[in-house]
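Each chain, written out:
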Amino acid sequence: MVLKNCGPKGYPGMAEVGNMPLPAKLLKKGVSDMVRISDARMSGTAFGTVVLHTAPEAALGGPLALVRDGDVIELDVAGRGLHLRVEKAELARRHKAWSAPTPSMGSGYQRLYVDHVLQADRGCDLDFLVGQRGAAVPRHSH
């Protein structure tokens, strides 16, 4: 099961929306877990097999943006990889037809954030702040 457009730019803000419950129709059939993949984040109190913080996120045209119903996605936990099992020509066609979602706000802080936030694998920091401060996090800041 795939949830997309919930990453740093797509939601925006990478809210805690990645806790995807199993569909009721599958629970009734006895399915107790399935792989869930998202560019979102979720609480550590959630359960099951999940892959989160995928980058680049769907809102940037990352691989999740190209996923369609029925696609096969291979998860290699030991190798730390995901592979969308779709022919390169089909992926190219999908990418050509893809367009980025329109940001919900055209100005202000939210637009500044969407235009400058880095991907999850880079800490969701603002690009213009990288290298501008020390790495120390004071104890009282938590």
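The model shown is predicted, which means the values in this text are computed figures rather than measured ones.

Asks: Before we go on, may I ask you to explain the sheet that holds strand β1 (residues 2–3) in this structure?
Replies: Across a sheet, strands are paired by hydrogen bonds formed along the backbone, either parallel or antiparallel in direction. With respect to topology, three strands assemble into an open sheet ordered β1-β2-β3, the strand pairing being parallel. The open sheet has two edge strands with one neighbour each: β1 and β3 (50–51). Two strands pair when backbone bridges link them, and strand β2 (residues 36–38) and β3 are joined in this way by two bridges, in the parallel orientation. Along β3, the bridge assignment pairs Arg 36 with Val 50.

Asks: Teacher, can you tell me more about the confidence of the model for the chain here?
Replies: Detailed reading of the predicted coordinates is not advisable wherever pLDDT falls low. Per-residue confidence for the chain gives a mean pLDDT of 89; residues scoring 70 or more make up 96%. Taken element by element, the predicted model of the chain shows its lowest mean pLDDT in β3 (88) and its highest in helix α2 (residues 88–97) (97).

Asks: Honestly, unusual backbone geometry in this entry has me stumped. Any pointers?
Replies: Here the amide bond leading from Tyr 11 into Pro 12 is cis, since omega sits at -20°, within 30 degrees of zero. Position of Pro 12 among the secondary structure elements: in the loop between β1 and α1 (24–28). The residue after Ala 55, namely Pro 56, is reached through a cis peptide bond having omega 0°. Along the chain, Pro 56 turns up in the loop between β3 and β4 (73–76). The backbone of His 53 sits at a positive phi, close to 60°, despite the residue not being glycine.

Asks: Whenever I open this one, the packing of aromatic side chains confuses me. Can you help?
Replies: For any pair of aromatic rings, geometry is given as the distance between the ring centres together with the angle between the planes. Following the criterion strictly, the structure yields one aromatic pair and no others. When the centroid spacing of 6.4 Å and the interplanar angle of 35° are considered together, the rings of Tyr 109 and Tyr 113 count as tilted. Taken together, the residues Tyr 109 and Tyr 113, both in helix α3 (residues 108–116) and four residues apart, mark about one turn of the helix. Residue Tyr 113 is classed as buried on the basis of its relative accessible area, which comes to 13%.

Scoring rules and cut-offs
Residue numbering note: each chain is counted from 1, following its sequence as written. This being a predicted model, a pLDDT of at least 70 is required before a residue's local features are given, and a value of 80 or more before pairs of side-chain atoms are given or counted; all residues contribute to the totals for chains, interfaces and linings. No hydrogens and no water enter the side-chain calculation; it runs on all heavy atoms of the structure. Should DSSP find at least two bridges between two strands, the strands are taken to pair. Think of it this way: any DSSP run of H or I at least four residues long counts as a helix, any run of E at least two long counts as a strand, and we number them from the N terminus. The pLDDT score gives, residue by residue, the confidence of the prediction method on a 0 to 100 scale. Within 6.5 Å between ring centres, the rings of Phe, Tyr and Trp (the latter by its six-membered ring) count as paired, and their orientation is classed by plane angle as stacked under 30 degrees, edge-to-face over 60, tilted in between. Each residue gets one of three labels from its accessible area relative to the maximum for its type: buried under 20%, exposed over 50%, partly exposed in between, using a 1.4 Å probe on protein chains only.

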